[in-house]
Amino acid sequence: MPEDNNVTIIPTGCCHDCGGRCVLKAHLKDGRIIRIETDSGEEPQYRACLRGRSYRQRVYSPDRLKYPLRRTGERGEGRFERVSWDEALDTVAAEMVRIKEKYGNPAIFLGSGGGNQGLLHNADVIARMLVNFGGFTRTWGVASHEGALFASMATYGTMHTGNSREDLLNSRLIIMWGWNPAVTIQDSGTSFWLAQAKEKGIRIVAVDPRYTDTAATFAGQWIPIRPGTDAAMLIAMAHVIITENLHNQSFIEKYTTGFDKYRDYLLGAEDGIPRTAQWAESITSVPAETIASLAREYAATSPAALISGWGPARTAMGEQYSRAANMLPAITGNIGIPGGFAAGFMRAYTSRQRMMPGGPSNPVERGAPPRDDSLYKLRGGTNPTSVRIHSSKVYDAILRGRAGGYPADIKMAYIACCNFLNQHPNLNRGIAALKSLEFIVVHEQFMTPTAKFADIVLPVNTFMERSDIAAPWLGSPYYIYLNRVIDSLYESKSDLDICRELSRKLGILPLYGDSTEDELLRARANARYDVTDYDTLKKDGVLKIKLPEPVISFKKQIEDPENNPFPTLSHKIEIYSEHLAEMNSPLFPPVAKYISHWEGYDDPLAEKYPLQLLTTHDKARTHSILHNISWAEETEAHAVWINTADASARNIADGDLVDVYNGRGRIRLPARVTARIMPGVVDVSEGAWYNPDENGVDLGGCANVLTNDEQSPGGAVPMNTALVQVELVPATQEAD
Amino acid sequence: MVQVGFYFDQTRCTGCYTCAVACKDWNDIAAGPVNWLRVRAIEAGSFPNPFLAYLFLACYHCADPPCARACPVSAITKIDSNGIVVVDRDKCLGNKQCRSLCRNACPWDAPQFEREENARMQKCDFCRERFDRGEQAVCVESCPMHALDAGPLEQLKLKYGDSVEAAGFSYSARFKPSVLFKAKPRN
């Protein structure tokens, strides 16, 4: 019985870059969304978290951008005037043509991100338009996962290394290494599978500088570890396993290559330094006995799942952590079997990228050689072209251009699906870079810190105002149909419609011909063998695919290696990588190594800035999305986590307003004094919006004011490598 | 008389606040001081042995609700058929006039008030309209961890046992809150 005959319930879903994809059911009355429910259907249910449940507030927020805007003040000031769509798009088209003619297509930079992750409505539409316009410059190096991806490719030759989550119940030991799915979701329902694993009696261990919600809920043991040193502990575990003869020799011989060279490194044959548990204790601060006993337990318990999160790879030598994590299943044979886990990138069911149609190649990139520090001989990883700019280095590239060794002199930024300035490292440098550009256009839903730097801001609708299909974030077997619930509010449009109109003004090929949204979505669904009926998917809003058994990556390779080689160059699991050896650089060791790095715990700079900064994900935001939505924001106050001892040494009490600072900038926010973070480490969750006072102190608490715009050798974005100091805000300033 | 109540599995709760936001959306309550459903973090211990639990607090629809006893105008009553504690906001004097007697009487802060002058009391009503239709309370259906349940207390006891202990919670034998727990043990 419906509660109200005038209410229509429309199945849709949530598709930002939170780590999940969840079912939403919008209650519509008199053309307005009045409530939202979630999946109450058959198991497994894909229930939305607070991010999706607060979405009505986001759709109807009074802060939504209503009309196209043209800048009237200085860049960053936030002063704009309303203009018509025609005027706005004429301006954008004229600037694009002017810049193309004067500087060439490489001068046009696309700054995009994962803001919208529907299969149709995402930054790809802007990229396609720019390809039709003659090409553009873009980034490589995804902040979330680049280190994990590099290592996954180097070891396994693929990102498809995961098992579907229900397989967690087949493990006898689960090690959650820097993995916090209670907050980062890591596919909808993952935390519920972990709860079931725990209730089944499976032992779960967490290795993390913080006692996360995930650790607190599921783990029987918490091992705090210094940021940036995870590789050392994993390497020492391998040392314990092989010196105590606990490794799986027959597996190693049959399926891997280069074990001897890794053993040489572990034993210190190269340099006389054996990588013992004692060696790792001095680096990681984890007691040697803890390291050794976890190693023994992992090797002796079969099957065991080492789940290596991506966060510890967001460090200055991030790839080495992920490589070292991949080594443990490889030497113990926890690969290709139920209950095991190959670590790696962790993609399992392949619904996601298969639905993204290939497009024409970017003329700017055609014929360019690959980067010589990329894994260019392997397919399926990061695009290796040398004319892309690493996402950490965009500001440097803008400021220094070709003269600084970059592939382009950037003059214009086209920014969409991304709060670029807020979400890239070293924000103050970003301000200088954005101020130096000739033209900036931003597609946005709100006046973000990035939009304030635009010359033209174009208002975009939300996923409640358009239709789309969403595939799971990482690799679960289902699809969600996002039915359009309401018409676009105010004058907002989809990115697709904006780019179609702009293409007309530019006189270039129409985007996706004249196909309607429904035709485009139908075509994508029909291209998939597992979507049997588009109309049913659309009507039901979710399609849950029944698998006969869990996805176990590399099952075929292990069961029948003769006919199923690993997709690496050697066709085996590469403990030693010839591809890396050819780079002939100490930064790209062919076996996993611990490499000390800048702004680590042992950097001399630590005398001045003694605390290691983490910039973790926030439970109430999807990166910077939902920062301004009060239902989400009020759940837990944005604050810097600081250990009780570090706080007490600075006379800081819980809730005190403090400054976190280093040579790159200063942010001001409350302190959360807690035993849930180890001494010497502080955490400012990323995504809070930059909000400077007149002195440039960020009162918004944006973590990227403090992060470094460097990259790790293999491309990881070192969001968790920065040294800072924390101090109480002087009382006079606090009163301001 | 049937008495309805809640069950909360504290060992499953990750502190995601989904229930709290779902409650606000369903009941159309703005961000701010009114929280029919509260999630409280309980932190204890010291590094490297911290303890963390979350407690689900709504209205526990007591068998003998202290808020009802405290109300000078009998604006708070129990529904005969299911024991849901409800407030008649037309009868409520407002928190300035009565000095929040109901709120002060409740050990779990279930009575809630807007910031406005002399605000009338409001609180969790067990999603009674949904309950009357045979549906679950919106918080129960929202929980990604399936850590919540609601229904007739005797049925919940058959399903989950009769524990009334949880970290951060003290049972009152006098008020008899209609809630059962699976407690998170101290490590």
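Cut-off values and rules
Residues numbered from 1 in each chain as written. Chains lettered and ligands numbered in written order. Predicted model: local features only at pLDDT ≥ 70, side-chain atom pairs only at ≥ 80, totals over all residues. Helix = DSSP H or I, 4+ residues; strand = E, 2+ residues; numbered from the N terminus. Contact = placed C-beta atoms within 7 Å. Pairing = 2+ DSSP bridges. Nonpolar A, V, L, I, M, F, W, Y, C, P; charged D, E, K, R; others polar. Domains from an automatic or database assignment. Buried ≥ 20, exposed ≤ 12 C-beta atoms within 10 Å, placed from the backbone. Axes fitted to C-alpha atoms, helices over the stretch in contact; angles between N-to-C directions. Parallel < 35°, antiparallel > 145°, perpendicular 65-115°, else oblique. Left-handed = near helix turned anticlockwise from the far one by under 90°.

Novice: Before we go on, may I ask you to explain the environment of proline 329 of chain A in this structure?
Specialist: All names here are of chain A. With respect to the element layout, proline 329 can be found in helix 14 (residues 318–332). Distance from proline 329 to alanine 305, taken between C-alpha atoms, is 8.0 Å for residues 24 residues apart in sequence. Excluding residues within four positions of it along the chain, proline 329 makes contact with Leu306, Asn334, Ile335, Gly340, Phe341, Ala342 and Ala343.

Novice: Honestly, the pairing of strand 2 (residues 38–46) of chain B in this entry has me stumped. Any pointers?
Specialist: Both strand 2 of chain B and strand 3 (residues 49–57) of chain B contribute to a ladder of nine bridges, which runs antiparallel. Residue pairing in the sheet places arginine 40 of chain B in a bridge with leucine 55 of chain B of strand 3 of chain B.

Novice: What should I look at first to understand the interface of chain A and chain B in this one?
Specialist: A common measure of how large an interface is: the accessible area buried when the components associate. Taken together, the contact pairs 35 residues of chain A with 27 residues of chain B. Sorting elements by how many residues they give to the side of chain A that touches chain B places strand 3 (residues 32–38) of chain A first, with four residues. Classifying every residue of the side of chain A that touches chain B by side-chain character gives 15 nonpolar, ten polar and ten charged.

Novice: What's the story with the domain arrangement of chain A in this structure? I'm lost.
Specialist: Residues and elements named next belong to chain A. Domain boundaries assigned for chain A yield domain 1 (71–140 + 369–465 + 487–540), domain 2 (146–350 + 551–583) and domain 3 (604–735). Measuring from the centre of the C-alpha atoms in domain 1 to the corresponding centre in domain 2 gives 36 Å. Contacts between the two partners involve seven residues from domain 1 and, on the opposite side, eleven residues from domain 2. Within the side of domain 1 that touches domain 2, the residues separate by chemical class into two nonpolar, three polar and two charged.

Novice: What exactly am I supposed to notice about helix 5 (residues 146–156) of chain A here?
Specialist: By the criterion of burial, helix 5 of chain A is predominantly enclosed, with eleven of the eleven residues buried. Just past helix 5 of chain A, the residue glycine 157 of chain A takes up positive phi, approximately 75°.

Novice: Would you take a moment to explain the packing of helix 4 (residues 124–132) of chain A against helix 19 (residues 495–506) of chain A for this structure?
Specialist: Any two packed helices are characterised by how steeply their axes cross, that is the angle between the axes, and by the distance between the axes. Residues and elements named next belong to chain A. Two numbers describe how helix 4 lies on helix 19: the axes approach to 9 Å, and their chain directions differ by 15°. Considering their axes alone, helix 4 and helix 19 lie roughly parallel with respect to each other. Pair helix 4 / helix 19 crosses with right-handed handedness. Only Asp495, Leu496, Cys499, Leu502 and Ser503 of helix 19 make contact with helix 4, whose side of the interface consists of Val125, Ile126, Met129 and Asn132. Of the residues assigned to the contact of helix 4 with helix 19, the class counts are six nonpolar, two polar and one charged.

Novice: What exactly am I supposed to notice about the sheet that holds strand 16 (residues 456–459) of chain A here?
Specialist: All names here are of chain A. As summarised here, the arrangement of the six strands in space is 5-4-16-15-14-6, forming an open sheet in which the pairing is mixed. Each having just a single partner strand, strand 5 (80–82) and strand 6 (108–112) make up the two edges of the open sheet. Between one strand and the next, the sheet's axes are offset by a mean angle of 20°, whatever the strand orientation. Note: strand 6 against strand 14 (residues 412–416), five bridges, orientation parallel. Bridge assignment links isoleucine 108 to a residue of strand 14, and that residue is methionine 412.

Novice: Is there a simple way to explain the environment of valine 131 of chain A in this structure?
Specialist: Residue and element names in this part refer to chain A. On the secondary structure map, valine 131 appears in helix 4. Between the C-alpha atom of valine 131 and that of isoleucine 508, which follows or precedes it by 377 residues, the distance is 9.9 Å. In this view, valine 131 contacts Gly359, Pro360, Asn362 and Pro363; residues no more than four positions away in its chain are not counted.

Novice: Help me understand the packing of helix 9 (residues 230–243) of chain A against helix 13 (residues 288–300) of chain A, please; the structure alone is not making it clear to me.
Specialist: Residue and element names in this part refer to chain A. Between helix 9 and helix 13, whose axes approach to 8 Å, the crossing angle comes to 65°. Note that helix 9 runs across helix 13; the crossing there is right-handed. Between helix 9 and helix 13, the contacting residues are Met233, Ala236, Met237, Val240 and Ile241 on the first element and Ile291, Ala292, Leu294, Ala295, Arg296, Tyr298 and Ala299 on the second. A breakdown of the residues in the contact of helix 9 with helix 13 according to their chemical character gives eleven nonpolar, no polar and one charged.

Novice: Teacher, can you tell me more about the sheet that holds strand 21 (residues 611–614) of chain A here?
Specialist: Within a sheet, each strand pairs with its neighbour through backbone hydrogen bonds, oriented either parallel or antiparallel. Residue and element names in this part refer to chain A. In spatial order, the strands read 21-25-22-24-23-26; together these six strands close into a barrel with mixed pairing. Along the sheet, successive strands turn relative to each other by an average axial angle of 45°, direction set aside. Note that strand 21 and strand 25 (residues 681–684) share three bridges and pair parallel. Each bridged residue has a counterpart across the sheet, and for glutamine 612 the counterpart in strand 25 is valine 681.

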